[in-house]
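Inside the fold
As a plain string of letters, each chain reads:
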Amino acid sequence: MDGSVAYLLAGAGCLVGVAGVVIAVLAQRRSRRRPPGAKGLGDPLRDRDADALRGDPRRLTPGDIVEVRGVTYAVRGSIRLVEGAWSWAEHLLDDAGGVRRWLSVEEDPELELVLWEAEPGATVTPGAPTIDFAGRRYSWDESGQARYTAVGTTGLDPSGTMRYHDYQAPGGARLSFEAYGEAGWEVARGEKLQRAEVMIYPQAEGA
């Protein structure tokens, strides 16, 4: 009888241990994209002098002018995305020659700016741990689903849902897969920008 009780207690202990590991893994996965939009979680070391001198990317709106690495773009449209307590933005940029790029703005918790170029001819799909594309090997970083609202010219409905898979390569290179609504995957390559490479000229009244 004592042996049976001991066996049952040992088995229960193992189950509790396994459950603890599963909970820890789920918590880690859910916290991969930290909540920049959550109240009270702003970066205490935020460079407000850079915001004053170069403009604040967090406040970009359609109509603003952005200079990236010496190239001047107009902001054609903006997408605000929310996933639980987390939020970030993507802005469609258009230069004088009609070349379009996307600029993503996120705090994680430090400000992160990435300049994206669409790859409409790409045949790769997301889901694998690593993806080889255009001479680079990208490793999976995070994925999920968010709700969005769009303003200006974006080619999207005013609101809806989107799914994403993000990959990274050494040196700050990014590869992103996004699907809005029922549409298929859109592929884009990105480069992480230094804060000094971006200058913003707000055009809105009172900006």
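Right above here is the structure, for reference.
What counts and how
Residues numbered from 1 in each chain as written. Predicted model: local features only at pLDDT ≥ 70, side-chain atom pairs only at ≥ 80, totals over all residues. Heavy atoms only, no water. Core = buried A, V, L, I, M, F, W, Y, C linked by side-chain atoms within 4.5 Å. Buried < 20%, exposed > 50% of the residue type's maximum accessible area, 1.4 Å probe, protein only. Helix = DSSP H or I, 4+ residues; strand = E, 2+ residues; numbered from the N terminus. Phe/Tyr/Trp six-rings, centres within 6.5 Å; stacked < 30°, edge-to-face > 60°. Salt bridge = Lys/Arg side-chain N within 4 Å of Asp/Glu carboxyl O.

**Some thoughts on the nonpolar core**
Core analysis: the biggest nonpolar cluster contains 13 residues, and V66, L93, L103 and L193 have the highest contact counts within it. Those elements giving two or more residues to this core turn out to be β1 (65-68), β2 (71-83), β4 (100-107), β5 (111-118) and β11 (198-201).

**Points about the packing of aromatic side chains**
Within this structure, the stated rule accounts for 3 aromatic pairs. Aromatic side chains Y148 and Y180 sit 5.2 Å apart centroid to centroid with 80° between the ring planes, which places their arrangement in the edge-to-face category. Linking Y148 in strand β7 (residues 136-152) with Y180 in strand β9 (residues 173-180), this pair joins segments that are 32 residues apart in sequence. Across the pair, exposure class does not vary: Y148 and Y180 are buried alike. Summarising the aromatic geometry, the rings of Y167 and F177 are spaced 5.8 Å apart at their centres and angled 70° between planes, so their arrangement reads as edge-to-face. One end of the pair, Y167, is in strand β8 (residues 159-169); the other, F177, is in strand β9, and 10 residues separate them in sequence.

**A few points about the pattern of salt bridges**
Tallying each qualifying case throughout the model produces 11 salt bridges. Two residues, R58 and D51, come together in a salt bridge whose shortest N-O distance is 3.2 Å. Residue classification places R58 among the partly exposed positions, given a relative accessible area of 21%. Owing to a relative accessible area of 11%, D51 belongs among the buried residues under this scheme. Ionic pairing is found between R189 and E119, a salt bridge with its closest N-O pair at 2.8 Å.

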